[in-house]
Amino acid sequence: MYKQGMHDTMMGVTGNTMMVNGVVDPVVEVDPKLVRFRILNGSNARIYDLMFDGGHAFHQIAGDSSFLPEPVGLKHFILATAERAEIVMDMSRFAGKTLYLGDGMGNRRLLKIVVKNTVPQSSTLPQKLITLKEYEGVKPKNTREFTLNMSMGFLGINEKQMDMHRIDEVVKKDTYEIWKIWNPSPRQHPFHVHGTAFKIVSRDGKPPKANEQGLKDTVLVYPRQKVEIMVVFRHLAPKERPYMYHCHILEHEDAGMMGQFTVV
Ligand SMILES: [Cu+2]
């Protein structure tokens, strides 16, 4: 049974069978060299803490919508629903061995990786990847606030449930804005915005971690956290075809945690 009541709506439904690219118990064979994984969290509700078995180190090089300014050394990272990440793992150390990409939160193995027993080729990543110019030196005057509401039986944003016949916000094209997202609820919500690649300005007033410093379209907002993002929209969106912002836990957006906006 997919959804059986209020609890499933609040918590989001998580199944008992993990799949990668639609495959149960997936296996991939790789060469013993640098291997790049392009990962999308396509789950409806599950948030992952991705890591390799044994805690082997790797680099994240890209997030949702751009490269990171530089490769970020990690042993694990959180990937919320709809978020993307590109990571590079040096497989030259594992020629002839098997390792697993897994989820530390549920202690689950997700992907079996068989490293071929051929001559290892080692190489290094560039130190610098890109210079992000989009939001550099910009100090927006316009701000908007979005409060993520969740109480028994009610899921909404700014005390409103999604209504396809209501436009919640009107945004000006090519105008930089700060969006303040406040999550007073006890659950984490991945906040997703259509039609933009934004920059995370701060989490509770502090700068985001190094692997969140690229352009994004989804940001996980933890319970009782305030996240500020800087957005700009480069395309028009009339009221017949508005954009949406919403929580990307399927059961939450489905229950009304979503709003729509035009770009004029
Ligand atoms: Cu949510």
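Conventions and cut-offs
Residues numbered from 1 in each chain as written. Predicted model: local features only at pLDDT ≥ 70, side-chain atom pairs only at ≥ 80, totals over all residues. Heavy atoms only, no water. Donors = N, O, S within 2.8 Å, 3.2 Å for Na, K, Ca; no water. Buried < 20%, exposed > 50% of the residue type's maximum accessible area, 1.4 Å probe, protein only. Pairing = 2+ DSSP bridges. Helix = DSSP H or I, 4+ residues; strand = E, 2+ residues; numbered from the N terminus. Axes fitted to C-alpha atoms, helices over the stretch in contact; angles between N-to-C directions. Contact = heavy atoms within 4.5 Å. Lys, Arg positive; Asp, Glu negative; His and termini not counted. Salt bridge = Lys/Arg side-chain N within 4 Å of Asp/Glu carboxyl O. Polar contact = N/O pair within 3.5 Å; in protein donor to acceptor, adjacent residues only side chain to side chain. Core = buried A, V, L, I, M, F, W, Y, C linked by side-chain atoms within 4.5 Å. Domains from an automatic or database assignment. Buried area = accessible area lost by both parts, 1.4 Å probe. Nonpolar A, V, L, I, M, F, W, Y, C, P; charged D, E, K, R; others polar.

1. Here's the deal with the coordination of the copper ion
Every protein donor of the copper ion is listed here as His189 (ND1), Cys247 (SG) and His252 (ND1), and their distances to the metal cover 2.0 to 2.1 Å. Accessibility expressed as a relative area gives 0% for His252, which makes it buried.

2. A word on the sheet that holds strand E9 (residues 84-90)
An order of E4-E9-E6-E7 is seen for the four strands of this open sheet, with the pairing classed as antiparallel. The strands lining the two open edges of the sheet, one partner per strand, are strand E4 (34-40) and strand E7 (67-74). Mean inter-strand twist for the sheet, computed between neighbouring axes without regard to direction, equals 25 degrees. Judged from the three bridges that link them, strand E6 (residues 58-62) and E9 form a sheet pairing that is antiparallel. Across the sheet, residue His59 finds its bridge partner in E9, namely Val88.

3. Side note on the environment of Gly195
Looking at the element boundaries, Gly195 is found in the loop between strand E16 (189-193) and strand E17 (199-203). In this structure the C-alpha to C-alpha distance between Gly195 and Pro242, which are 47 residues apart in sequence, comes to 9.7 Å. Residue contacts for Gly195: discarding those within four places in its chain leaves Val232, Phe233 and Tyr243.

4. Things to note about the side chain of Glu253
Considering the arrangement of structural elements, one finds Glu253 in helix H2 (residues 250-254). Here Glu253 sits buried without a salt bridge, and the closest side chain of opposite charge, Lys3, lies 11 Å off (N-O distance). Side-chain polar atoms of Glu253 contact the side chain of His246, separated by 3.4 Å. With near-sequence residues (within four places) excluded, Glu253 lies in contact with His246, Cys247, His248 and Met258.

5. Comments concerning the nonpolar core
Residues Trp179, Phe191, Val193, Val219, Ile229, Phe233 and Phe261 are the most contacted members of the largest nonpolar core, which totals 34 residues. Listing elements by their share of this core, those giving two or more residues are strand E12 (142-151), strand E13 (154-157), strand E15 (177-183), E16, strand E18 (218-221), strand E19 (225-231), strand E20 (243-247) and strand E21 (258-263). The dominant element in this core, judged by the number of residues it contributes, is E19, at four residues. The residues contacting Phe261, other than those within four sequence positions of it, are Ile167, Glu169, Val171, Trp179, Val193, His194, Phe233, Ala237, Pro242, Tyr243, Met244 and Tyr245.

6. Describing the domain arrangement of the protein
In terms of domains, the protein is made up of domain 1 (6-115) and domain 2 (142-263). Contact residues are listed per partner, giving 26 residues for domain 1 and 27 residues for domain 2. Taken together, the two surfaces of domain 1 and domain 2 that pack against each other cover about 2,000 Å², and 58% of this comes from carbon and sulfur. At the boundary of domain 1 with domain 2, the tally comes to three salt bridges. Broken down by secondary-structure element, the contributors of at least two residues to the side of domain 1 that touches domain 2 are helix H1 (6-11), E7 and strand E8 (76-79). Classifying every residue of the side of domain 1 that touches domain 2 by side-chain character gives 15 nonpolar, seven polar and four charged.

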